[in-house]
Amino acid sequence: MLMALYTFPDRIQKVWSRDPSSGNFGLWYNKYVPLQEGSLKPSDGNDKKGDRDKDLRAVEYYVKRYSQMIEKGTVASLLKRKHEAFDAYCRSFPTMNYDIIELRAELVSPLVTGIGESHPHEVSMVFDHNLGIPYIPASGVKGIVRFAHTLALYKSGLVEGLPKELVEQDEKTGEIIAFDDDNWEEISLPFGNQKHRGKVFFLDAYPVSVPSLRLDIMNPHYGNYYADKEGKTPPADYLLPNPIKFLTVAPGTMFIFRAVVIKEGNLLDKVRSAFVRALVEEGVGAKTAVGYGRFKLQEPAPARPTVEKAEQKAIPVSLLDKLIEEISKIAPHDAGRLGPVIDRALRELPSDTEKMEFAQAVKSHMVKQFKGSKAEKKLKEYLNTQG
């Protein structure tokens, strides 16, 4: 049996070993995955000499860890709070000056986001830093909507009317073969450029509920052919395939896409149309050319809740959140009231990870009065593990 390497300090390994099935998966995936001894390739912690499948098993191991972490954690309640915060942010814009786009769309094919992110496993995925679940960054949403809008303009023939300084033409035929989309006002005004910011503000897109991850595979057959710079290797059937497993967000996952649009002419209609084309026709994320990242819109779109209705629907609060809220309502010097809450946290919180988060919250709340206090003595074990 080969040893799996964990490229982080012994102190962190000790904390991880206490409760390895809880915590933030995104943080674990980006910082704490085990590696194969010698090659530093991804591992599932059970490597054997001559094992040809160990590279593939690592991705299966990631899916298993993800399922364990989201099951034991408080991700679901935090995700609901994230959506509540986004809704509140959108409602904060005055309706006389701004329009809100909110689209609920269901994945009909696997989604791959952040495939080019740096990771020991060659095909990566982007996870929210705080929640540890897949999401679609606002920059990616803006990029695909801008592309769909640009493509529609090109197909409409409006490119033919552009000034000569914004187009590149074929010398023989005079046909337009390229155009400066960065300085074409039909594109730059809504989406911005280096000279001014745009009139549409995109938000990160999150799943409605905690999504499932699914294994997928690509199987390049002609690696030797593509790697042969001298051109001596033909793309023949006898070449060995190189299966590569990677993570995707499972079809059936519902996402919410949001954008804030400045009220100006028919800008809202243009952006909404581009949004729909981007999700349904073009696709989001990587590998869209082979059908990944396609959505279908939920019809009809649900009505936006008013502030009153949003307040009526109670959002489940985890024990950790309740205890931190209790601490925030107690004066930092009131040891008589702080003590019982701390004792309850140490007794009832299920994992060391949550106890560490609670300890840090108490320390931040008490500030200068924390040092040398009874609270510090009680929580010392969980603060020593902080980096």
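Everything below is about the structure printed above this text.
Just so we're clear, the structure is a prediction, and the values are computed from it rather than from any experiment.

A.B. asks: I keep staring at the environment of Ser273 and nothing clicks. Help me out?
C.D. replies: Its location among the elements puts Ser273 in helix α8 (residues 267-282). Sequence separation of Ser273 and Val145 is 128 residues, and the distance between their C-alpha atoms is 9.1 Å.

A.B. asks: Can you help me understand the packing of aromatic side chains in this one?
C.D. replies: Aromatic ring pairs: the centre-centre distance and the angle between the two ring planes describe each pair. Within the structure shown, the criterion is met by 10 aromatic pairs. With a centroid separation of 6.1 Å and an interplanar angle of 70°, the aromatic rings of Phe257 and Phe275 are classed as edge-to-face. Here Phe257, found in strand β10 (residues 254-262), pairs with Phe275, found in helix α8; they are 18 residues apart in sequence, far enough to count as distant. Through pairs of rings, three or more aromatic residues link up here, namely Phe191, Phe202, Phe255, Phe257, Phe275 and Phe295.

A.B. asks: For this particular structure, what's the right way to read the packing of helix α5 (residues 138-156) against α8?
C.D. replies: Think of two packed helices as two axes; the pair is described by the angle between the axes and how far apart they sit. Running from N to C, α5 and α8 cross one another at 100°; their axes reach a closest spacing of 8 Å. One element, α5, and the other, α8, form an angle in the roughly perpendicular class. Between α5, through Val141, Ile144, Val145, Phe147, Ala148, His149, Leu151 and Ala152, and α8, the contact on the second element is made entirely by Lys270, Val271, Ala274, Phe275, Arg277, Ala278 and Glu282. Per-class residue counts for the contact of α5 with α8 are 11 nonpolar, one polar and three charged.

A.B. asks: What is the right way to read the pattern of salt bridges from this model?
C.D. replies: All told, the structure shown has 14 salt bridges when counted by the stated rule. Linking Asp87 and Arg258 is a salt bridge whose minimum nitrogen-to-oxygen distance equals 3.4 Å. With Asp87 in helix α4 (residues 75-91) and Arg258 in strand β10, the pair connects residues that are 171 residues apart, well separated along the chain. A residue is classified by how much of its surface remains accessible, and Asp87, at 15% relative accessible area, is buried. One salt-bridge network, held together by shared partners, links Asp87, Glu102, Arg104 and Arg258.

A.B. asks: What's the story with the environment of Phe275 in this structure? I'm lost.
C.D. replies: Residue Phe275 is classed as buried on the basis of its relative accessible area, which comes to 0%. When the C-alpha atoms of Phe275 and His149 are compared, they prove to be 8.2 Å apart, with 126 residues separating the residues in sequence. Filtering out sequence-adjacent residues up to four positions away, Phe275 remains in contact with Ile101, Leu103, Val141, Val145, Phe202, Phe257 and Ala259.

A.B. asks: Explain the nonpolar core to me, please; I cannot follow it from the model alone.
C.D. replies: Grouped burial of nonpolar side chains is what soluble globular proteins tend to show. The biggest cluster of nonpolar side chains holds 57 residues, and the ones touching the most others in it are Phe257 and Phe275. Top element by residues in this core is helix α3 (residues 54-72). It accounts for seven residues. Core analysis: the second largest hydrophobic core is formed by 19 residues, Leu320, Ala345, Ala375 and Leu383 among them.

Criteria and cut-off values
Residues numbered from 1 in each chain as written. Predicted model: local features only at pLDDT ≥ 70, side-chain atom pairs only at ≥ 80, totals over all residues. Heavy atoms only, no water. Helix = DSSP H or I, 4+ residues; strand = E, 2+ residues; numbered from the N terminus. Phe/Tyr/Trp six-rings, centres within 6.5 Å; stacked < 30°, edge-to-face > 60°. Axes fitted to C-alpha atoms, helices over the stretch in contact; angles between N-to-C directions. Parallel < 35°, antiparallel > 145°, perpendicular 65-115°, else oblique. Contact = heavy atoms within 4.5 Å. Nonpolar A, V, L, I, M, F, W, Y, C, P; charged D, E, K, R; others polar. Salt bridge = Lys/Arg side-chain N within 4 Å of Asp/Glu carboxyl O. Buried < 20%, exposed > 50% of the residue type's maximum accessible area, 1.4 Å probe, protein only. Core = buried A, V, L, I, M, F, W, Y, C linked by side-chain atoms within 4.5 Å.

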